[in-house]
Amino acid sequence: MEEMSRLFRLAADRASGYRQSLPDRLVGTPFDQGALADAFAGPLPSVPSPPEQVLTDLLAAAEPGLVASAGPRYFGFVIGGALPAATAADMLAAGWDQNAHNAVTSPAAIAAEAAAGAWLKELLGIPPSASAGFVTGCQAANTVGLAAARHQVLADVGWDVERRGLLGAPPIRVIAGDERHATIDRSLRLLGLGMDVVEPVPAGPNGAIDLGSLREVLRAGSPGPTIVCLQSGNVNTGACDQLREACELVHRHGGWVHVDGAFGLWAAASPATRHLVDGLELADSWACDGHKWLNLPYDSAFAFCARLDVHAAAMSYAAAYLVGSGGTPAGADLTAESSRRARGFAVWAGLRELGRDGVAELVDRCCALARRFAEGLTSAGFEVANEVVLNQVLVDFGDDASTDRMVAAVQADGTCWVGGTTWRGRRLMRISVSNATTTEADVDRSIAAITRLAT
Ligand SMILES: *Cc1c(COP(=O)(O)O)cnc(C)c1O
C-alpha cells in the first residue's frame, strides 16, 4: 500500500512540476527522435520490474520528448491546455479504473456524463432533450453524428441501414462546405459513403459556407436522403457558417444538418460571440471538442444528437451478457467504443472549475488575445489574411517561401510555437489562441519574437 501511494505521488509530483515549468520553458526545444526511440527501445523484458523503477525509467525516457503544448505560448493547430481540476479528475479516472460502458460497469461514470452532458447542452444552447455521447475527439463525434444522420435519412425512405448496410441502399446525398475539416471526409469513408459522395459548396470571403451556393446545390439535385455538413469554426480562419439560415434551408429540403463545431461551437458560451452560432439549436447533430478550447485533457469530445432514439439506433449494440442494457441509452450506447475510459469525470470537473462565467471569460479572453496578435502583427507591418472573428489568426509574410521560412524560424526560436497552413492557395502562418493560461504578456512576447525573427 505504502509503495502504491509513493508511486502515485511520484507521478503527480512530476506532472505538476512539469506543468509549473511551462510558462518559462522554451516551447520548441529541438527533439532528437532517434534518441527518444533509443530511450524507449530495447528487448521485451522477460521478467517483472518494480513499478517505481518502471515509472522512473518512463520519466527519463519521455521527458526530453514532451511538447509544451499545454503551455501558454503554444499556438499550433487548435490545441488547448488542461485545467487543473479536470487534469486531477482524469488522474482519478485512471486511479479508479472505471469502465464507462454503462450504469452497471460504472454507475458513477454514467452519472457524471449525464450531469456534464446537461451542463454542456445548456452552455452551448443545444436543446436539453438532445443526447450527448462522450467520445474521443471531434473526429469520433463527426462519425457518430453522421452515423445518426445516415440512420435517419435512410429510415425516412424505409431502409434499415444498421441491418442491411449500404449495399443496395437508396443513394444518400452529402453536401458540405469546400472548407470543411478533413475529418468529415474520413468519417464519410468509415461510414461507407466515401469521400466522392460530397457535393462541395463554395465558401464566402472568410471561409464560411456561401448560402446562395448552398441553396443552388440543394436545388440542383433530386430530393431524397440528404445530409448537409455545416461548420462552426473554420480551422484556418475561425469563420462560422450561418446556421439559422442554412438549417432552415436544409430542413425545407427534408435534409439532416450536422454541425462540426470542434472549437467554434464554444462561441455559444459567451454573450459576445454567441451571434456567430445563432440558430445552432435548429441542427440535428453536433460535434464539439472538450480537449481544444474547453481545456480538458485528451481525449475528450462530444457527439450530440437532437433525437436520443436516433443516436442510440445508430450506435448501440445488444448482447445477452450486457445486464443493464434496455434502460435509457447512455455511455457506450452513444459512442463507437464498447469499453470506455470514464472521461465524464474530467468534463464535469472542468465545467465546475470554470462555471458558466469562467467558460464565457475563457472564450472572450482567447478572442481578445487573437485580436491582440492581429493588431500587433499588423502594426509591425505584416498582413493578417483573415477576418479575426474568433481565436484564429492567419499571417502572410510576403510570399509562400518567406512565410514558410518565418514559421520554421519561429518554431526553432522556441519563444512560442505556431504552425503553417495553405489557405486559398497561399502559405500562411496560423496562430490559434486556445489555452486557458495564455496572458497578454505571452502574446506580446510572441509578437516581439516574430518581429525580431523577421528582421
Ligand atoms: C480539430 C477539428 C476536428 C477534429 O477533432 P479531433 O479532436 O482532432 O478529433 C474536426 N473539425 C474541426 C473543425 C476541428 O477544428
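The structure displayed is predicted, hence computed values, not measured ones.

Across its full length, the chain carries 14 helices and eleven strands. Here the chain has a C-alpha radius of gyration of 23 Å; the compact-globule value for 455 residues is 23 Å, and the two agree. Along the three orthogonal principal directions, the C-alpha set of the chain runs to about 60 × 60 × 45 Å. Scored against the burial criterion, the 455 residues of the chain give a buried share of 52%. Sequence separation of at least 24 residues holds for 73% of the intrachain contacts in the chain that already meet a minimum separation of 6. Accessible area of the chain: about 19,800 Å², with a carbon and sulfur share of 57%. If you average the places of the 36 positive and of the 50 negative side-chain charges in the chain, the two averages end up 1 Å apart.

Moving on: the packing of aromatic side chains. The tally for this structure, following the rule as stated, stands at eight aromatic pairs. A ring pair is formed by Phe77 and Trp417, whose centres lie 5.7 Å apart and whose planes are at 25°; its orientation type is stacked. In this pair, Phe77 is assigned in the loop between helix H3 (51-62) and helix H4 (84-96) and Trp417 in the loop between helix H13 (400-413) and strand E10 (419-423), connecting sequence segments 340 residues apart. For Phe77, a relative accessible area of 48% corresponds to the partly exposed category. Judged by relative accessible area, Trp417 falls into the buried class, the value being 17%. Grouped by ring-pair contacts, the aromatic residues Tyr74, Phe77 and Trp417 constitute a single cluster. Looking at Arg164, its charged tip hangs above the ring of Trp159, at a distance of 3.8 Å from the centre.

With that settled, consider the pattern of salt bridges. Per the stated rule, a full pass over the model turns up 22 salt bridges. Residue Asp185 is joined to Arg180 by a salt bridge in which the shortest nitrogen-to-oxygen separation is 2.8 Å. On the basis of relative accessibility, which here comes to 11%, the residue Asp185 falls in the buried class. For Arg372, the salt bridge is made with Glu440, and the minimal N-O distance between the two is 3.5 Å. Residue Arg372 is located in helix H12 (residues 344-379), and its partner Glu440 is located in helix H14 (residues 440-454); the two are separated by 68 residues in the primary sequence. Classification of Arg372 by relative accessible area gives partly exposed; the value is 28%. For Glu440, a relative accessible area of 47% translates into the label partly exposed. Here the salt bridges do not stand alone but share partners, grouping Asp90, Asp299, Arg341 and Arg343 into one network.

With that out of the way, let us pick up the packing of H12 against H14. Between two packed helices, the angle of one axis relative to the other and the distance separating the axes together describe the packing. Running from amino to carboxyl end, H12 crosses H14 at an angle of 30°, the nearest separation of the two axes being 10 Å. One way to sum up the angle between H12 and H14 is to call them roughly parallel. Seen along the crossing, H12 lies across H14 with a hand that is right-handed. Of H14, the residues touching H12 (which contributes Leu369, Arg372, Phe373, Gly376 and Leu377) are Glu440, Val443, Asp444, Ser446, Ile447 and Ile450. For the contact of H12 with H14, the class distribution of residues is six nonpolar, two polar and three charged.

With that settled, consider the site of the ligand. Around the ligand sit 14 residues, and of these Gln139, Asp260, Asp289, His291 and Lys292 come closest. Between an oxygen atom of the ligand and a side-chain N or O atom of Asp289, the distance comes to 2.8 Å. Compared with its free state, where it exposes 380 Å², the ligand has 85% of that area covered by protein. With three residues, helix H6 (residues 138-155) is the largest single contributor of residues to the shell around the ligand. Here the shell around the ligand is composed, by residue class, of four nonpolar, seven polar and three charged.

Below, the discussion takes up the UniProt feature "modified residue: N6-(pyridoxal phosphate)lysine" (unreviewed entry) in the chain. The sites that carry the UniProt feature "modified residue: N6-(pyridoxal phosphate)lysine" (unreviewed entry) are, in the present numbering, Lys292. Here Lys292 lies in the loop between strand E6 (285-289) and strand E7 (301-305). For Lys292, the side chain forms a polar contact with the side chain of Asp289, separated by 3.5 Å.

Now for H12. Helix length check: H12, at 36 residues, gives a terminal C-alpha distance of 44 Å against a target of 52 Å (1.5 Å per residue), a shortfall beyond 12%. Along H12, the helix axis deviates most sharply at Gly355, where the bend reaches about 85°. Residue Gly381 follows H12 closely and has a positive phi angle near 100°.

This part takes up the confidence of the model for the chain. Residues at a pLDDT of 70 or more form 98% of the chain, whose mean pLDDT is 96. The least confident element of the chain, judged by mean pLDDT, is helix H2 (residues 33-40) at 96; the most confident is E6 at 99.

Its 18 residues place the ends of H6 25 Å apart at the C-alpha level, agreeing with the 26 Å of an ideal helix rising 1.5 Å per residue. With 17 of its 18 residues buried, H6 lies for the most part within the structure.

With that settled, the discussion passes to unusual backbone geometry. The phi torsion of most residues other than glycine is negative, and most of the peptide bonds are trans. With omega at -15°, the peptide bond leading from Tyr298 into Asp299 counts as cis. Of note, Asp299 is situated in the loop between E6 and E7. For Asp97, which is not a glycine, the phi torsion comes out positive at approximately 50°. The backbone of Asn295 shows a phi angle near 60°, a positive value even though the residue is not glycine.

Our focus in this paragraph is the sheet that holds strand E1 (residues 131-135). Spatially, E1-E7-E6-E5-E4-E2-E3 is the arrangement adopted by the seven strands of the open sheet, whose pairing is mixed. Here the strands that pair on one side only, and so sit at the sheet edges, are E1 and strand E3 (198-201). Pairs of neighbouring strands in the sheet enclose a mean axial angle of 20°, with direction left out of account. Two strands pair when backbone bridges link them, and E1 and E7 are joined in this way by five bridges, in the antiparallel orientation.

Conventions used here
- Residues numbered from 1 in each chain as written.
- Predicted model: local features only at pLDDT ≥ 70, side-chain atom pairs only at ≥ 80, totals over all residues.
- Heavy atoms only, no water.
- Helix = DSSP H or I, 4+ residues; strand = E, 2+ residues; numbered from the N terminus.
- Rg over C-alpha atoms; globule rule 2.2 N^0.38 Å.
- Buried < 20%, exposed > 50% of the residue type's maximum accessible area, 1.4 Å probe, protein only.
- Contact = heavy atoms within 4.5 Å.
- Areas by Shrake-Rupley, 256 points an atom, 1.4 Å probe, with all protein chains shown as cover.
- Lys, Arg positive; Asp, Glu negative; His and termini not counted.
- Charge placed at Lys NZ, Arg CZ, Asp CG, Glu CD.
- Phe/Tyr/Trp six-rings, centres within 6.5 Å; stacked < 30°, edge-to-face > 60°.
- Lys NZ or Arg CZ within 6 Å of the ring centre and 35° of its normal.
- Salt bridge = Lys/Arg side-chain N within 4 Å of Asp/Glu carboxyl O.
- Axes fitted to C-alpha atoms, helices over the stretch in contact; angles between N-to-C directions.
- Parallel < 35°, antiparallel > 145°, perpendicular 65-115°, else oblique.
- Left-handed = near helix turned anticlockwise from the far one by under 90°.
- Nonpolar A, V, L, I, M, F, W, Y, C, P; charged D, E, K, R; others polar.
- Near = heavy atom within 4 Å.
- Polar contact = N/O pair within 3.5 Å; in protein donor to acceptor, adjacent residues only side chain to side chain.
- UniProt positions renumbered as here; feature names shortened; annotations may be inferred.
- Expected span 1.5 Å × (residues − 1).
- Bend = angle between axes of the 7 residues up to and from the residue.
- pLDDT = per-residue confidence, 0-100.
- Pairing = 2+ DSSP bridges.

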